[in-house]
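# Structural features, examined
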Amino acid sequence: MAPPPKKRFGQHFLVDPGIIDAIVRAVAPRPGEVLVEIGPGRGAITMPLLERCGALRVIELDRDLAARLRRTPGLEVIEADVLKVDFTALAAAAGGMPKLRIVGNLPYNISTPILFHLLRSVDHVADQHVMLQKEVVDRMAASPGRKDYGRLSVMLQWRYDMEPLLAVPPTAFDPPPRVDSAVLRMTPKPAPAGVDAALLGELVTVAFSQRRKLLRHTLGRWLTEHGASIDFDLQRRAEEVSVEEYLRLTAALAQATPKGSAPPSRREGLGREQP
């Protein structure tokens, strides 16, 4: 008998055969690929993936589910908090540093921290097929000018192409969540030359700290404190600036910053947009 869902882990197990099949077909795994599944749960996606690729690593925090999964030949079970798993090391352990293919029904209560954790290993990832709360997927894939375009959009889109694949209703799960879900394909792309990730993160956080205000009140002040004189239209709000413009500004700022200096820390009162 399958273990019941545990509230403390925010478990919602996928049970809809049609949705399961659609996800597996979207992933289209092949033998020899290095697949890693986050949160396999009862194995709804795990088993059809394993049938197609022959071997699979899964990361499961629930010890009861992990013990159950260990009985399956071909599965390597990593019983751990996904936020503590080194994905670069997983790629290295496979030999020859192959790129990982990551699949996961991400726990909705920590989905954003997981996405930023995976971002640290983006250069060792071939693609990610993830299921999340639809609201989060909309933010991840949002384009400039939309209300849901924000820090999360910029900080993921600078390293990934986003492709929403399918909507998943609450009825597809046991127990049904109170929100709609969606599946998204994230395909890594090369880091643009001259863009420092830490500086980009600082700049974007400042820009979206008071998103109702024009950028001259937030980013403009930050640039002035930085001592940078850069031609950039600050008579806009943060959500009106494209990812490419943020990247160009970051690269220009790095060029304009004297050696040995660093961006100013965020001042108290700037506030912060939730990721």
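Here, the structure is the one placed above.
Okay, so let's go over this structure. As the structure is a prediction and not an experimental result, all values here were calculated from the model. Counting restarts for each chain, with residues numbered from 1 along the sequence as it is written. Selection of residues for local features in this predicted model requires a pLDDT of at least 70, selection of side-chain atom pairs for listing and counting requires 80 or more, and totals for whole chains, interfaces and linings are taken over all residues. To obtain the side-chain values, all non-hydrogen atoms of the structure were included, while hydrogens and water were left out.

## Topic: the pairing of strand β3 (residues 56-59)
We call a residue buried when its accessible area falls under 20% of the maximum for its residue type, exposed when it is over 50%, and partly exposed in between, using a 1.4 Å probe and counting protein chains only. Where helices and strands are cited, they refer to DSSP runs of H or I of at least four residues and of E of at least two residues respectively, numbered from the N terminus. Alternating residues of β3 divide into Leu-56 and Val-58 and Arg-57 and Ile-59, and every residue in both groups is buried. Place the viewer so that the strands point away; then a crossover is right-handed whenever the path from the first strand over the helix to the second strand goes clockwise. In terms of handedness, the path from strand β2 (residues 34-38) via helix α2 (residues 46-53) over to β3 forms a crossover that is right-handed. Both β3 and strand β4 (residues 75-78) contribute to a ladder of four bridges, which runs parallel. Residue pairing in the sheet places Arg-57 in a bridge with Glu-76 of β4. Traced from β3 through helix α3 (residues 63-69) to β4, the parallel crossover comes out right-handed. At least two DSSP bridges between two strands are required for those strands to pair.

## Regarding the side chain of Ser-242
One can find Ser-242 in the loop between α9 (219-226) and α10 (243-256). Contact definition: two residues touch when any of their heavy atoms are within 4.5 Å. Once you skip the residues sitting within four places of it in the chain, Ser-242 turns out to touch Pro-144 and Tyr-149.

## So, the sheet that holds strand β7 (residues 160-168)
One open sheet accounts for seven strands, arranged β4-β3-β2-β5-β6-β9-β7; its pairing is mixed. The strands lining the two open edges of the sheet, one partner per strand, are β4 and β7. Neighbour-to-neighbour, the strand axes of the sheet open up by a mean angle of 20°, direction not taken into account. Helix α1 (residues 17-27) rests against β2, β5 (100-105), β6 (125-133), β7 and β9 (181-188) of the sheet, and its axis sits at about 160° to β7. Contacts from helix α5 (residues 111-119) reach β2, β5, β6, β7 and β9 within the one sheet, and its direction differs from that of β6 by about 175°. Only C-alpha atoms enter the line fits that serve as axes; for helices the fit covers just the stretch in contact. Angles between N-to-C directions range over 0 to 180 degrees.

## Focus: the packing of α1 against α2
Orientation of α1 relative to α2, taken along the N-to-C sense of each, is 35°, at an axis distance of 10 Å. The interaxial crossing formed by α1 with α2 has right-handed handedness. Mapping the contact onto sequence places Ile-20, Val-24 and Val-27 in α1 and Pro-48, Leu-49 and Arg-52 in α2. Basically, the charged four are Asp, Glu, Lys and Arg, the nonpolar ten are Ala, Val, Leu, Ile, Met, Phe, Trp, Tyr, Cys and Pro, and anything else, Gly included, counts as polar. Its residues placed into classes, the contact of α1 with α2 shows five nonpolar, no polar and one charged. Handedness of each helix crossing follows the sense of rotation of the near helix against the far helix: counterclockwise by less than a right angle gives left-handed, clockwise gives right-handed.

## Describing the environment of Arg-216
Relative to the helices and strands, Arg-216 resides in the loop between α8 (197-207) and α9. A relative accessible area of 43% means that Arg-216 is categorised as partly exposed. Taking the C-alpha atoms as reference, Arg-216 lies 8.0 Å from Arg-236; in sequence the two are 20 residues apart. In contact with Arg-216, not counting residues within four places along its chain, are Arg-221, Leu-234 and Gln-235.

## Some words on the pattern of salt bridges
The salt bridge definition used is simple: a Lys or Arg side-chain nitrogen within 4 Å of an Asp or Glu carboxyl oxygen. By the definition in use, this model includes 14 salt bridges. Across the salt bridge formed by Lys-134 and Asp-138, the nearest N and O atoms sit 3.0 Å from each other. With Lys-134 and Asp-138 both in helix α6 (residues 134-141), this residue pair falls four residues apart, about one helical turn. Classification of Asp-138 by relative accessible area gives partly exposed; the value is 26%. Glu-245 is the partner of Arg-236 in a salt bridge, and the nearest nitrogen-oxygen pair spans 3.0 Å. Here the salt bridges do not stand alone but share partners, grouping Glu-33, Arg-101 and Asp-127 into one network.

## Looking at the nonpolar core
Counting 60 residues, the largest nonpolar core has Phe-87, Met-140, Leu-219 and Tyr-246 as the members making the most contacts within it. The contacts of Met-140, once residues within four sequence positions are left out, are Leu-115, Leu-132, Leu-152, Ser-153, Leu-156, Gln-157, Met-162, Leu-184 and Met-186. We define a nonpolar core as any set of buried Ala, Val, Leu, Ile, Met, Phe, Trp, Tyr and Cys residues linked to one another through side-chain atoms lying within 4.5 Å. By size, the runner-up hydrophobic cluster in this structure holds 23 residues, among which are Ile-45, Leu-49, Leu-50 and Ala-66.

## Here's the deal with the packing of aromatic side chains
Pairing of aromatic rings covers Phe, Tyr and the six-membered ring of Trp, with a centre-to-centre limit of 6.5 Å; geometry is then stacked below 30 degrees between planes, edge-to-face above 60, and tilted otherwise. As enumerated under the stated definition, the model contains two aromatic pairs in all. Here the aromatic residues Tyr-149, Phe-208 and Tyr-246 are joined through ring pairs into a cluster of three or more. Consider the ring centre and the ring normal. A charge sits over the ring if Lys NZ or Arg CZ is within 6 Å of that centre and within 35 degrees of that normal. The side chain of Arg-159 reaches across the aromatic face of Trp-158, ending 5.6 Å from its centre. Note that Arg-236 overlies the ring of Phe-232, its terminal NZ or CZ placed 5.2 Å from the centroid.

## Topic: the side chain of Arg-185
Among the secondary structure elements, Arg-185 is positioned in strand β9. Judged by its relative accessible area of 18%, Arg-185 falls in the buried class. Within the structure, the side chain of Arg-185 is placed 2.9 Å from the side chain of His-129, a separation counted as a polar contact. For this analysis, a polar contact is any N or O atom pair within 3.5 Å, provided that within protein one partner can donate a hydrogen and the other can accept it, and provided that sequence-adjacent residues contribute only side-chain to side-chain pairs. Within the structure, Arg-185 has its side chain in polar contact with the side chain of Glu-163 (distance 2.9 Å). Not counting residues within four places of it along the chain, the set of residues in contact with Arg-185 comprises Ala-26, Gln-128, His-129, Asp-161, Met-162, Glu-163 and Leu-165.

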